[in-house]
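Fold and contact review
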Amino acid sequence: MNVVDIISKKRDGGVLSAEEIDFFVKGYTDGTIADYQASALLMAVCINGMTEEETSSLTLCIRDSGDTVDLSGIEGIKVDKHSTGGVGDKTTLVVAPIVAACGVRVAKMSGRGLGHTGGTLDKLESIKGFSTVMERERFVKTVNTTGLSVIGQSGNLAPADKKLYALRDVTGTINSIPLIASSIMGKKLASGADRIVLDVKTGNGAFMSNLSDASALAEAMVNIGKAAGKPTVALITDMESPLGRAVGNSLEVAEAIETLKGRGEERFLTLCLSLAAEMLCAAKKGSTEECLSMARDAVESGRALTAFRVMVIAQGGDPCQVDDTSLLPKACIVHPFVAEKSGYITEQRALSYGKAACELGAGRKRKEDGVDHSAGVYINKKLGEWVEKGDVIAQLHTSDADLLSRAEAYIAEGTKISEEKPILPPVIICKVNEQGVSSWTN
Ligand code: URA
């Protein structure tokens, strides 16, 4: 087989065989295929697309390029949840304990944030002493005894994706549905769960800014799951404005804990309960209605909070910070962003708020950067709320006063106030499963 023939075939709109895709992924991962050849093929895929079969073959090659996690030592059906990334997206911190509190073990491998989207590991590491590194054997044992554990992905999980993603990032080939779908699902399939629940974001703060692209991505991933024998469902959810009130690591942990204590923002809680219900359904705990009421009860009874607290202790974290969130890392500078006129907040762009939090130190501009756990944006007045001139719309948290002006410019650019009350989009837009797309009642 010859890589030039493979590139030419895709350039001319041909369909690659499973063997050709395998030859390419193995060759690129072991270095026998050069970056310039891989770039040419990725660009041909971006332009000409891939069939369902090609996308599935690519996903399986990515899955098999490194370690695959064996979760068979964990009792019961293992359900994973994945979000395509957003601003203020701390759902894992709430959903995983709810599901564990309902008797379904959660063995979650998460990632770090990059750019304006945050990562679960960075959030959890805001808790003093919390470790996201664990030997595989201890991970399995911890999940079996405590019901829940969240750790970082193994270094050798889907190495083909690491190389391909880095190349896509610098060759204008990120935005291709088959490439995104195979990248996400390759890692999910390598992570060992039996079933997968996806939260596919749409809106200005998401990878997929419009609904039709988000639906196409969700459908592609559901089809991959089906082909791989791992039933997958996706909720398509709103990312036009930040999720909840907090954007930034320790601020989001505090919000997640408050939500588990029953004091969550309504839209955020709705999303968490719905994702938890989908995971419980996938684990065959009952109908959607029954699972939703189980999830609600886990929060109202305090059992989900207990599951979170138990996880924190098991991973070396300080439970006092769970009991009293004011003990979490705090920024030394908190700067108010005030309304310059009275009216309704008609726009609160997720992307702008995410960039502001990143500027303040909450996110990474490059993979190697560290994060300031205390930095971020707290939103006092959400989209659709009325504000009086001079009211504090948001608080900017940082350790460095020099970072404030750029962050404030992002918040100003992303916030609009006007006389007319806006109609808020639903937090969950629709559901995609093997039967197709169905509407959703929030
Ligand atoms: N997230 C991934 O893991 N891969 C992509 O290609 C895009 C988002």
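Residues numbered from 1 in each chain as written. Predicted model: local features only at pLDDT ≥ 70, side-chain atom pairs only at ≥ 80, totals over all residues. Heavy atoms only, no water.

Before going further, it helps to examine the packing of helix α16 (residues 350–359) against helix α17 (residues 404–414). Across the interface, α16 lies against α17 with an axial gap of 8 Å and an inter-helix angle of 170 degrees. Considered as vectors, α16 and α17 are oriented roughly antiparallel to each other. Residues S352, Y353, K355, A356 and E359 of α16 form the contact with α17, whose own contacting residues are R406, A407, Y410, I411, E413 and G414. Residues that form the contact of α16 with α17 fall into these classes: five nonpolar, two polar and four charged. (Axes fitted to C-alpha atoms, helices over the stretch in contact; angles between N-to-C directions. Helix = DSSP H or I, 4+ residues; strand = E, 2+ residues; numbered from the N terminus. Parallel < 35°, antiparallel > 145°, perpendicular 65-115°, else oblique. Contact = heavy atoms within 4.5 Å. Nonpolar A, V, L, I, M, F, W, Y, C, P; charged D, E, K, R; others polar.)

In this section: the site of the ligand. All residues adjacent to the ligand are Y165, R168, I180, S183, I184, K187 and F207. Within the side chain of R168, an N or O atom sits 2.9 Å from an oxygen atom of the ligand. Take S183: an N or O atom from its side chain is 2.6 Å from a nitrogen atom of the ligand. Against a free-state accessible area of 240 Å², the protein chains account for coverage of 87% of the ligand. Counting residues per element, the ones that place at least two in the shell around the ligand are α8 (159–169) and α9 (177–190). It is α9 that contributes the most residues to the shell around the ligand, four residues altogether. Looking at side-chain class alone, the shell around the ligand contains four nonpolar, one polar and two charged residues. (Near = heavy atom within 4 Å. Polar contact = N/O pair within 3.5 Å; in protein donor to acceptor, adjacent residues only side chain to side chain. Areas by Shrake-Rupley, 256 points an atom, 1.4 Å probe, with all protein chains shown as cover.)

Where α8 meets α9, the closest approach of the two axes is 11 Å, and the angle between their N-to-C directions is 150 degrees. Taken together, the axes of α8 and α9 lie roughly antiparallel to each other. The interaxial crossing formed by α8 with α9 has left-handed handedness. Residues D161, Y165 and R168 of α8 pack against L179, I180, S183 and K187 of α9. Of the residues contributing to the contact of α8 with α9, the split by class is three nonpolar, one polar and three charged. (Left-handed = near helix turned anticlockwise from the far one by under 90°.)

With that out of the way, let us pick up the packing of aromatic side chains. Inspection of every chain in the model, using the stated rule, returns two aromatic pairs. Aromatic side chains F24 and Y28 sit 6.3 Å apart centroid to centroid with 5 degrees between the ring planes, which places their arrangement in the stacked category. Taken as a pair, F24 and Y28 lie in helix α2 (residues 18–30) at a separation of four residues, close to a single helical turn. On the accessibility criterion, F24 (5% relative accessible area) is buried. Classification of Y28 as buried rests on a relative accessible area of 2%. Their ring planes at 80 degrees and their centres at 5.1 Å tell us that Y344 and W386 sit as a pair that is edge-to-face. (Phe/Tyr/Trp six-rings, centres within 6.5 Å; stacked < 30°, edge-to-face > 60°. Buried < 20%, exposed > 50% of the residue type's maximum accessible area, 1.4 Å probe, protein only.)

The next point concerns helix α10 (residues 211–227). At 3.6 residues per turn, the α-helix brings residues three or four places apart onto the same side. Taking 1.5 Å per residue, 17 residues should reach 24 Å; α10 reaches 24 Å between its end C-alpha atoms and fits that length. All of the buried residues along α10 are A214, S215, L217, A218, A220, M221, V222, I224 and G225. Buried residues along α10 sit in contact with α4 (52–63), α9, β4 (195–202), β5 (232–238) and β13 (428–433). Positive phi appears at G229, one or two residues downstream of α10, with a value of about 75 degrees. (Expected span 1.5 Å × (residues − 1).)

Bringing α4 into the picture now. In this model α4 runs 16 Å from its N-terminal to its C-terminal C-alpha over 12 residues, within 8% of the 16 Å that 1.5 Å per residue would give. All buried positions along α4 are accounted for by E54, T55, S56, S57, L58, T59, C61 and I62. Those residues of α4 that are buried lie in contact with α1 (3–11), α2, α8, α9 and α10.

According to the domain assignment, the protein contains domain 1 (3–49), domain 2 (79–323 + 427–435) and domain 3 (330–418). In this structure, domain 1 and domain 3 have C-alpha centres spaced 43 Å apart. (Domains from an automatic or database assignment.)

This paragraph deals with the sheet that holds strand β9 (residues 376–379). Taken in spatial order, the four strands line up as β6-β9-β11-β7 in an open sheet, and their pairing is antiparallel. The outermost strands of the open sheet, each flanked by one partner alone, are β6 (246–247) and β7 (333–338). Pairing geometry for β7 and strand β11 (residues 392–398), over six bridges, is antiparallel. Each residue of the ladder has a partner; that of P336, found in β11, is Q395. α17 contacts β7, β9 and β11 of the sheet and is inclined by roughly 30 degrees relative to β7. (Pairing = 2+ DSSP bridges.)

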